[in-house]
Amino acid sequence: DVAGRVEAVGKDVTQFKPGNEVFGDLSECGFGAFAEYVCAPEKVLGLKPTNMTFEEAATVPASALAALQGLRDVGQIQSGQKVLINGASGGVGSFAVQIAKAYGSEVTAVCSTKKMDMLRSLGADYVIDYTQTDITKNGRHYDLILDAAAYRSVFDYLPILPPEGTYA
């Protein structure tokens, strides 16, 4: 992942000009973002939102893509599903909350006490403090569980996942 300011563009570049603030994912073109200068095709970059720092923007591609792949590609998320996101306050989890809400799902977010308000602000319908409640014993069932924290065995989730449910 990379974020920075465009210094120069090639003759065929139409999307950017010098001075534009951009971010993107270089994994399709050889990586190399741990550098002062990066040369990249315009198709792997986008304009950085003005309300984000370069550091914030550089975290978006990998985290957001992992959340999207877990929910959409592996989880086959559908509108109306009950979705549990464990590790919801981290990079992947915070994107997952927003993506699941955009799909029209009911979202339960699991986090520590100090992150609960942040997850409510991202749209979580329910927020569970893992320091107070064992999510595998709360009596609720979920159609899809995205475990971004992955500190428990998948088998621990079986009591809250129906047979047709999905764990990602």
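Sequence order as written defines residue numbering, which begins from 1 separately in each chain. Per-residue local features are limited, in this predicted model, to residues with pLDDT of at least 70; the limit for side-chain atom pairs, both in listing and counting, is 80 or more; totals at the level of whole chains, interfaces and linings are taken over all residues. Think of the side-chain values as coming from all heavy atoms in the structure, minus any hydrogens and water.

## A look at helix α2 (residues 91-102)
Here's step 1: In this model α2 runs 17 Å from its N-terminal to its C-terminal C-alpha over 12 residues, within 8% of the 16 Å that 1.5 Å per residue would give.
Here's step 2: Residues Gly-93, Ser-94, Ala-96, Val-97, Ile-99 and Ala-100 constitute the buried set of α2.
Here's step 3: Lining the buried residues of α2 we find α1 (54-74), β4 (82-86), β5 (106-111), α3 (116-121) and β7 (144-147).
Here's step 4: Labels follow the DSSP assignment, with helices taken as runs of H or I lasting at least four residues and strands as runs of E lasting at least two, numbered in each case from the N terminus. Count one or two residues on from α2 and you reach Gly-104, which has phi positive near 85°. Working rule for helices: expected span equals 1.5 Å times residues minus one. Burial here depends on accessible area, computed with a 1.4 Å probe over protein chains only, as a share of the maximum for the residue type. Under 20% is buried, over 50% is exposed, and the range in between is partly exposed. Every residue pair with non-hydrogen atoms within 4.5 Å of one another is taken to be in contact.

## Looking at the sheet that holds strand β8 (residues 166-167)
Here's step 1: Here, a strand pair is defined by DSSP locating no fewer than two bridges between the strands. If you walk across this open sheet you meet the five strands as β6-β5-β4-β7-β8, and the pairing is parallel. If you trace the sheet from one side to the other, it starts and ends with β6 (126-129) and β8, each paired once.
Here's step 2: Two elements, β4 and β5, share five bridges in a ladder whose sense is parallel. Looking at β5, one finds that Val-83 is bridged to Val-107.
Here's step 3: Packing of α2 onto the sheet brings it into contact with β4, β5 and β7, and relative to β4 it is tilted by some 170°. Between N-to-C directions, angles span 0 to 180 degrees; the directions come from axes that are lines fitted to C-alpha atoms, helices contributing only their stretch in contact.

## A word on the sheet that holds strand β2 (residues 21-24)
Across a sheet, paired strands are connected by hydrogen bonds in the backbone, their directions being either parallel or antiparallel.
Here's step 1: Spatially, three strands are ordered β1-β2-β3 in an open sheet, and the strand pairing comes out antiparallel. Each of the sheet's edge strands pairs with one partner strand only, and the pair in question is β1 (2-5) and β3 (45-47). On average, adjacent strands in this sheet sit at an angle of 30° to one another, irrespective of strand direction.
Here's step 2: In this fold α1 packs onto β1 and β2, with an angle of close to 140° to the strand it touches most, β1.

## Details of unusual backbone geometry
Here's step 1: Of note, Gln-76 is a non-glycine position whose phi angle comes to about 50°, a positive value.
Here's step 2: Within the fold, Gln-76 resides in the loop between α1 and β4.
Here's step 3: You will see that Ala-150, though not glycine, has its phi angle at about 50°, which is positive.
Here's step 4: Its place among the elements puts Ala-150 in the loop between β7 and β8.

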